[in-house]
Amino acid sequence: MARLAGRRALSAVPVLLVVTFAVFAIAAASPFDPVKAYAGTAALGADQETLDRLRDNLGVERPFAARWWHWLTSALTGDLGHSSVMRQPVAQVIGERLVWSALLCAVAFAVAVLVGTVLGVLAARRPGSLADRTVTSLAYTLEAAPVFWIALLAVWLFALQWDVLPAGGLTDTASDQVTPGQVLSHLLLPAGVLAVSQLPWFTLYVRQGVGDALAEDPVRGARARGLSERTVLLGHALRSGLLPVLTLIGSRVPELITGALLVESVFSWPGIAAATVEAATAADFPLLAALTTLATAAVLAGNLFADLLYGLFDPRVKLSDM
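This one's a predicted model, so the numbers in the text were calculated from it and none came from an experiment.

S.K.: Could you clarify how one ought to interpret the overall build of the protein chain in this entry?
M.R.: When you go through the protein chain residue by residue, the secondary structure sums to 14 helices and 2 strands. Put simply, 73% of the contacts in the protein chain that link residues at least 6 apart link residues at least 24 apart. Of the roughly 17300 Å² that the protein chain leaves accessible, carbon and sulfur atoms contribute 66%.

S.K.: I tried to follow the pattern of salt bridges on my own but got confused; where do I start?
M.R.: It is possible for side chains of opposite charge to pair when their charged atoms get near one another. The tally for this structure, following the rule as stated, stands at 2 salt bridges. For Arg97, the salt bridge goes to Glu96, with nearest N and O atoms at 3.5 Å. What makes Glu96 partly exposed here is its relative accessible area of 37%. Here Arg207 ties to Asp132 by a salt bridge, and the two come within 2.6 Å at their closest N and O atoms. Here Arg207, found in helix H8 (residues 180-214), pairs with Asp132, found in helix H6 (residues 130-144); they are 75 residues apart in sequence, far enough to count as distant.

S.K.: So what exactly am I meant to see when it comes to the packing of aromatic side chains here?
M.R.: Applying the stated rule across the entire model yields 7 aromatic pairs. Taking 5.5 Å as the distance between ring centres and 55 degrees as the angle between the ring planes, the aromatic pair formed by Phe21 and Phe64 counts as tilted. Taken together, the residues Phe21 in helix H1 (residues 2-28) and Phe64 in helix H4 (residues 64-76) connect sequence positions 43 residues apart. Ring geometry for Phe109 against Phe202: centres 5.5 Å apart, planes inclined by 85 degrees, an arrangement best described as edge-to-face. With Phe109 in helix H5 (residues 90-125) and Phe202 in helix H8, the pair connects residues that are 93 residues apart, well separated along the chain. One exposure class covers both Phe109 and Phe202, and it is buried. The rings of Phe21, Phe64, Trp68 and Trp69 are connected pair by pair, giving a single aromatic cluster.

S.K.: Just to check I follow, could you spell out the nonpolar core for this structure?
M.R.: Burial of nonpolar side chains together is a common tendency in soluble globular proteins. Ranked by size, the top nonpolar core spans 45 residues in total, and within it Leu104, Val193, Leu194, Phe202, Val210, Val263 and Phe267 carry the most contacts. Listing elements by their share of this core, those giving two or more residues are H5, helix H7 (147-161), H8, helix H9 (217-224), helix H10 (229-241), helix H11 (243-251) and helix H12 (253-267). Top contributing element to this core by residue count: H8, with 12 residues. Core analysis: the next-biggest nonpolar cluster, separate from the first, contains 21 residues, Val90, Phe285, Leu287 and Ala289 among them.

S.K.: Help me out: how do you make sense of helix H13 (residues 273-281) in this one?
M.R.: Since the α-helix packs 3.6 residues into each turn, any two residues three or four apart lie on the same face. For H13, the set of buried residues is Ala273, Ala275, Thr276 and Ala279. Buried positions in H13, seen along its axis, are confined to an arc of 165 degrees and lie on one side of it.

S.K.: Would you mind going over the side chain of Thr276 with me for this structure?
M.R.: Mapped onto the elements of the fold, Thr276 is located in helix H13. Sequence-distant contacts of Thr276, defined by excluding residues within four places in its chain, comprise Leu261, Leu288 and Leu291.

S.K.: How do you make sense of the side chain of Thr296 when you look at a structure like this?
M.R.: Relative to the helices and strands, Thr296 is located in helix H14 (residues 285-313). With a relative accessible area of 15%, Thr296 lands in the buried category. Here Thr292 takes part through its backbone oxygen, which lies 2.8 Å from a polar atom of the side chain of Thr296.

S.K.: When you look at a nonpolar patch on the surface in this model, what are you seeing that I'm missing?
M.R.: Taken together, the side chains of Phe148, Trp149, Leu152, Leu153, Trp156, Leu160 and Leu262 make up a nonpolar region of the molecular surface, amounting to roughly 740 Å² of accessible area. Broken down by element, the nonpolar patch gets its largest block of residues, 6 residues, from H7. As for its position among the elements, Leu153 is in helix H7. Taking relative accessible area as the criterion, Leu153 reaches 40% and is therefore assigned partly exposed.

S.K.: I would appreciate a short explanation of unusual backbone geometry in the present structure.
M.R.: Residues apart from glycine generally show negative phi values, whereas peptide bonds are mostly found in trans. One non-glycine residue, Arg87, lies in the positive phi region at around 60 degrees. As for its placement among the helices and strands, Arg87 is situated in the loop between strand E1 (82-83) and strand E2 (88-89). Residue Arg87 is classed as partly exposed on the basis of its relative accessible area, which comes to 44%. Here the phi dihedral of Ser268 falls at roughly 55 degrees; this positive angle occurs in a residue that is not glycine. Relative to the helices and strands, Ser268 is located in the loop between H12 and H13.

S.K.: Help me understand the environment of Gly181 in this model?
M.R.: Locating Gly181 in the fold gives a position in helix H8. Here the alpha-carbon distance between Gly181 and Thr171, two residues 10 residues apart in the chain, equals 9.0 Å.

About the thresholds
- Residues numbered from 1 in each chain as written.
- Predicted model: local features only at pLDDT ≥ 70, side-chain atom pairs only at ≥ 80, totals over all residues.
- Heavy atoms only, no water.
- Helix = DSSP H or I, 4+ residues; strand = E, 2+ residues; numbered from the N terminus.
- Contact = heavy atoms within 4.5 Å.
- Areas by Shrake-Rupley, 256 points an atom, 1.4 Å probe, with all protein chains shown as cover.
- Salt bridge = Lys/Arg side-chain N within 4 Å of Asp/Glu carboxyl O.
- Buried < 20%, exposed > 50% of the residue type's maximum accessible area, 1.4 Å probe, protein only.
- Phe/Tyr/Trp six-rings, centres within 6.5 Å; stacked < 30°, edge-to-face > 60°.
- Core = buried A, V, L, I, M, F, W, Y, C linked by side-chain atoms within 4.5 Å.
- Arc of directions from axis to C-beta.
- Polar contact = N/O pair within 3.5 Å; in protein donor to acceptor, adjacent residues only side chain to side chain.
- Patch = residues over 30% accessible without salt bridge, like charges linked within 9 Å, V, L, I, M, F, W, Y side chains within 5 Å.

Listed below in structure tokens is the structure:
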């Protein structure tokens, strides 16, 4: 396990280097002016000399390759630079927002896996039944629905029509402190929407995996020995049918991150979404590179986690061969 993690960590280094270099190259080609974004409305009345001096202080005129190398060497020492648009060190910007994004993604992912497993098993028990057709149709419908549309619909229904959940934010209006109760009530809607966006994939994968496992000879033999249907389903078919889902965990991380950005924007959740959008539009090189590196590392870690789970739960797979 440690050897596999070490090999993946070494192979991730060139990937991260290429990604960060591409971020600086794309940001340099962006039509947005980082100086005007930094100065805001003050740039409208500033003379050209002031703007040129500010441009020189921000290092905008330097080639993007030089800026990338400066950022990279500084990041290796723990200095991620200073965000021009947030007026804060990049490490502080990420530290203040990452915990809320991680909470949102973790809760949504756990709910999607648990509910998707239950619905997938329910559909796989009797292929072609009413329950199977209902679950499958619902999964395909949700798979085709954009996550921002689901989010807007949830706001309209639960916040505006029924008034049972807050429409956004982290705490109640005019609240001067963050309490667990407020965070929980404000988390339910965005986490539920993000979970619904991931639910179809797990449901369909579990349905297919468990359905195939129920048709295998070992499961038929267990039924022939007189074991109860519950024992056959949970002790044999489910264990074998969930193996393909383990590989799905890593592949869903990019979609989870993308969905989280949209959900955070709709619900004004104080995660890294707002920082990512502002960094992109303002060509904030240090912040944009750090956030992109973080997202890339999350995807690589998700793939590694899925491979480790597959190697641990499938006796046919050896971690040493991966």
